[in-house]
Amino acid sequence: MTYLQKYEEQITQDVKALKTYVFTVERSRGTQALKDTEIAKAWDRLDEKVARARAQYTDIRESRIAEAKKLAAINFHNITNGDHTRVKAAGSNFSLDILSASDAAAQNVILAKLADFIKLLTDTEKASFGKIIFQINDLLIDKAASKTALQAVITEVRNVDNPHEAALAEAEALPAVIGAEYDTAKAEYEASLA
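Rules and cut-offs
Within any chain, residue numbers begin from 1 and follow the written order of that chain's sequence. Given that the model is predicted, a residue must reach a pLDDT of at least 70 before its local features are reported, and side-chain atom pairs must reach 80 or more before they are shown or counted; all residues, however, enter totals for whole chains, interfaces and linings. For side-chain calculations, the full set of non-hydrogen atoms in the structure is used, while hydrogens and water are omitted. A run of H or I in DSSP counts as a helix once it spans at least four residues, and a run of E counts as a strand once it spans at least two, with each numbered from the N terminus. All radius of gyration figures rest on C-alpha atoms, and the globule criterion is 2.2 Å times the number of residues raised to 0.38. Should any heavy atoms of two residues lie within 4.5 Å, those residues are counted as being in contact. Residue burial is assigned from relative accessible area. The probe radius is 1.4 Å, only protein chains are included, and a residue is buried under 20% of its type maximum, exposed over 50%, and partly exposed in between. What is called the bend at a residue is the angle between a pair of axes, fitted to the seven residues leading up to and ending at it and to the seven starting from it. Working definition: a ring pair exists when centres of Phe, Tyr or Trp rings (six-membered ring for Trp) sit within 6.5 Å. Plane angles under 30 degrees give stacked, over 60 give edge-to-face, the rest tilted. Orientation is described by lines fitted to C-alpha atoms, with helices fitted over the stretch in contact, and by angles between N-to-C directions that extend from 0 to 180 degrees. Working rule for angles: under 35 degrees goes down as roughly parallel, over 145 as roughly antiparallel, 65 to 115 as roughly perpendicular, anything else as oblique.

1. Section: the overall build of the protein
Secondary structure assignment for the protein yields eight helices and zero strands. In sequence order, the protein lays out its α and β elements as α-α-α-α-α-α-α-α. The C-alpha atoms of the protein give 31 Å as radius of gyration, which overshoots the globular expectation for 194 residues (16 Å, by more than 25%). With the principal axes as the frame, the protein shows a C-alpha extent of 100 × 30 × 20 Å. Partitioning the contacts of the protein with sequence separation of at least 6, the portion at a separation of at least 24 is 81%.

Below is the structure:
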């Protein structure tokens, strides 16, 4: 059961309990004024319960949205040791090739091969590869001459899906206010007082 369902169910059960209580009070002995007072007190208690449930729901919803926004903004990927090991081995091989290249033109050819290789990686492997870019950058003979080739590699590393965008959309799609059954019952009660 999600927290939305939990709070929605709580409000639904509280409304049902109130309706049962009102039914019982209406059928009991006593003056109508006394019955009205008891029903008004019951509504006050329900108002407090619903306000508390809505506040708790809103806090959870807003924190879930904030967390999803943060993760979507940084596009965090849960990198496993296996991903890191495979990428580290490939990065070491490319680093050695770049280190052994005689000039910037030869390094650019290797960088182009690296960009093609990165296209084959999974998103988590690409995310893990980001650390290796800094090492490769330090090995470049002429950074200015290799800037375009390195940028192509960086573009491929960044070309990953954002797994947190769906969670963010789901969190933002949650209703801002819950307890429509309560609102309906409250409106009917207030209309009966008029």
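2. Digging into the environment of Gln 151
On the secondary structure map, Gln 151 appears in helix H6 (residues 143-158). Judged by its relative accessible area of 41%, Gln 151 is partly exposed. Taking the C-alpha atoms as reference points, Gln 151 and Ala 115, separated by 36 residues in sequence, lie 9.3 Å from one another.

3. A word on H6
Within H6, the axis deviates most sharply at Ala 149, by approximately 35 degrees. Of all the residues in H6, the buried ones are Ser 146, Ala 149, Leu 150, Val 153, Glu 156 and Val 157. Of the surrounding elements, those touching the buried residues of H6 are helix H4 (104-119) and helix H5 (123-139).

4. A few points about the packing of aromatic side chains
Applying the stated criterion to the full structure yields three aromatic pairs. Between the aromatic rings of Trp 43 and Tyr 182, the centroid separation amounts to 6.2 Å while the plane-to-plane angle is 50 degrees, which identifies the pairing as tilted. Remark: Tyr 182 occurs in helix H8 (residues 180-193) and Trp 43 occurs in helix H2 (residues 32-74); sequence separation between them is 139 residues. Taken as a pair, Trp 43 and Tyr 182 share a single burial class, namely buried. A ring pair is formed by Phe 94 and Phe 117, whose centres lie 5.5 Å apart and whose planes are at 45 degrees; its orientation type is tilted. Here Phe 94 is found in helix H3 (residues 81-100), whereas its partner Phe 117 is found in helix H4, with 23 residues between them in sequence. The exposure class of Phe 94 is buried, given its relative accessible area of 14%. Among the residues examined, Phe 117 registers a relative accessible area of 26% and is labelled partly exposed.

5. Section: the side chain of Asp 14
The topology assignment puts Asp 14 in helix H1 (residues 3-27). We classify Asp 14 as buried; its relative accessible area is 16%.

6. Things to note about the packing of H1 against H8
At a closest axis distance of 8 Å, the pairing of H1 and H8 adopts a crossing angle of 30 degrees. One finds that H1 runs roughly parallel with respect to H8. Mapping the contact onto sequence places Glu 8, Ile 11, Thr 12, Val 15, Lys 16 and Lys 19 in H1 and Ala 180, Glu 181, Tyr 182 and Ala 185 in H8.

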